[in-house]
Amino acid sequence: MGSSILDYKNEFFRGPRIHLNNAGLAPISLKAAHKVQYWTQRFYEEGFYTDADYVKDVQHSRQSLAKLLNCSSDELAFFQSTAGGVSQIAFGFDLKENDEVVLWDQEYSSNLYPWQEACRRVRAKLVMLPSLADLSTPVDKILAACTGKTKIVAISWVQFQTGARTDIKTLVEECHRKNIFVFVDVIQGLGIHPFDFKNWGVDAAAGGSHKWLTSPVGVGYLALKKEHLGHFKLINVGSATYGTCDDPALLECIAKNDVSRFEAGSKQVLEITALGASCDLIHEVGIAIIEKEVLRLACKLREGIEDLGFQIHSPYALDSLITPMVNFSGKDMGKTKLQLAGYPVNFAMRGPGLRLSPHAFNTDDDIQMVLGLLQS
């Protein structure tokens, strides 16, 4: 029998702070905290003698994260950050002069900057699509912008400012008819929404450990279809590109035949194993249950904010809400920020307004407290 949403909520610390910037940096789960403590103690006491065990735990984390993405574990590599995974694709892809890369105009910098620089180096064209007036990101607009020169569509699944989502399955189907590679930054959706790397046909996807995965900062990941493996240049190279740290150094090196070839050296064991523990927690509860709760709380928060007369910028109606992000403005926003920060409630200023982003571990009391602060 799986865990309940109450079990999930009980995995998180309850203190005087209200965490409503989970699209920025969420608190970590108790399972993740225990994992960090476990390996810290073992490294302190055992040193080298932990070697085989921590390697197994890192592999478990790879498998648990791969299950969440629905890709094979040998299609998944760990990096220091989301930007590391994005950079491997952007700089490893064989872009040519006048090739086109299509992105939305509201992409977060970790996705924008690598593609911007990769295009600059080879004189490819970066096509920045303007979002609609309500900041939505419909797939039809991307497809209409693609030309015979478009080689890559590189977008976020969920946009960081307002929670706007793009239909990835439809995007991939249509792009593949035109032989266009699809890269997706999934950091703002994985952990609260179901993602299906395999059945959606995504070519590559990257993300990070914090935010909705409720794990420590410091791990990025990249999923890449096996069929594309040999088409990407290696950006970072080290012993782990070819084998393990214990292999002899040879002048003739053959890179590993899975995506872990992109992991140049030693792993962030504490962070990766904590990420695996948080992924295990998501599997225990079920992503559908987590999504249902996070959207319920977001709906309650948004409805209350609308009733108070603020302007909502997240591009969905209440009856079709598909994001926990609530971006709003109006009244005296300086006073609003002081009210929230003084409680304290954490938030982020993003795009057109102030962004609140509840997670499934938040409670109805959290939402009511915030609405009371906004009212006052």
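Below, the structure is looked at part by part. Values in this document were obtained by computation on a predicted structure and should not be read as measured data. (Residues numbered from 1 in each chain as written. Predicted model: local features only at pLDDT ≥ 70, side-chain atom pairs only at ≥ 80, totals over all residues. Heavy atoms only, no water.)

1. Thoughts on the packing of helix 4 (residues 82-92) against helix 5 (residues 109-122)
Logical step 1: Between helix 4 and helix 5, the least distance of the axes is 9 Å, while the angle of their chain directions is 25°. Taken together, helix 4 and helix 5 sit at an angle that is classed as roughly parallel. Crossing of helix 4 over helix 5 shows right-handed handedness. Within the contact between the two elements, helix 4 uses Ala83, Val86, Ser87, Ile89, Ala90 and Phe91 and helix 5 uses Ser110, Asn111, Pro114, Trp115, Glu117, Ala118 and Arg121.
Logical step 2: Within the contact of helix 4 with helix 5, the residues separate by chemical class into eight nonpolar, three polar and two charged. (Axes fitted to C-alpha atoms, helices over the stretch in contact; angles between N-to-C directions. Helix = DSSP H or I, 4+ residues; strand = E, 2+ residues; numbered from the N terminus. Parallel < 35°, antiparallel > 145°, perpendicular 65-115°, else oblique. Left-handed = near helix turned anticlockwise from the far one by under 90°. Contact = heavy atoms within 4.5 Å. Nonpolar A, V, L, I, M, F, W, Y, C, P; charged D, E, K, R; others polar.)

2. With respect to the packing of aromatic side chains
Logical step 1: Taken as a whole and assessed by the stated rule, the structure comprises 15 aromatic pairs.
Logical step 2: Note on Tyr8 and Phe12: the rings are 5.2 Å apart at their centroids and 55° apart in plane angle, and the pair reads as tilted.
Logical step 3: Judged by relative accessible area, which is 0%, Tyr8 ranks as buried.
Logical step 4: We classify Phe12 as buried; its relative accessible area is 7%.
Logical step 5: Counting every residue linked through ring pairs, the aromatic cluster contains Tyr38, Trp39, Phe43 and Tyr54. (Phe/Tyr/Trp six-rings, centres within 6.5 Å; stacked < 30°, edge-to-face > 60°. Buried < 20%, exposed > 50% of the residue type's maximum accessible area, 1.4 Å probe, protein only.)

3. Focus: the nonpolar core
Logical step 1: Within the largest apolar cluster, 57 residues are counted, with the highest numbers of intra-cluster contacts made by Leu69, Leu171 and Phe195.
Logical step 2: For this core, the element with the most residues is helix 10 (residues 269-285), which contributes seven residues.
Logical step 3: In this structure, Ala77, Ile152, Leu229 and Val259 belong to the second largest nonpolar core, which totals 27 residues. (Core = buried A, V, L, I, M, F, W, Y, C linked by side-chain atoms within 4.5 Å.)

4. A word on the sheet that holds strand 3 (residues 100-104)
Logical step 1: Pairing in this open sheet of seven strands is mixed, and the strands run 2-8-7-6-5-3-4 from one edge to the other. In this open sheet, the two edge strands, each paired with only one partner strand, are strand 2 (76-79) and strand 4 (125-129). Averaged over all adjacent pairs, the angle separating strand axes in this sheet is 20°, with direction ignored.
Logical step 2: With respect to the sheet, helix 5 is in contact with strand 3, strand 4, strand 5 (150-156) and strand 6 (181-185), its orientation differing from that of strand 4 by roughly 145°. (Pairing = 2+ DSSP bridges.)

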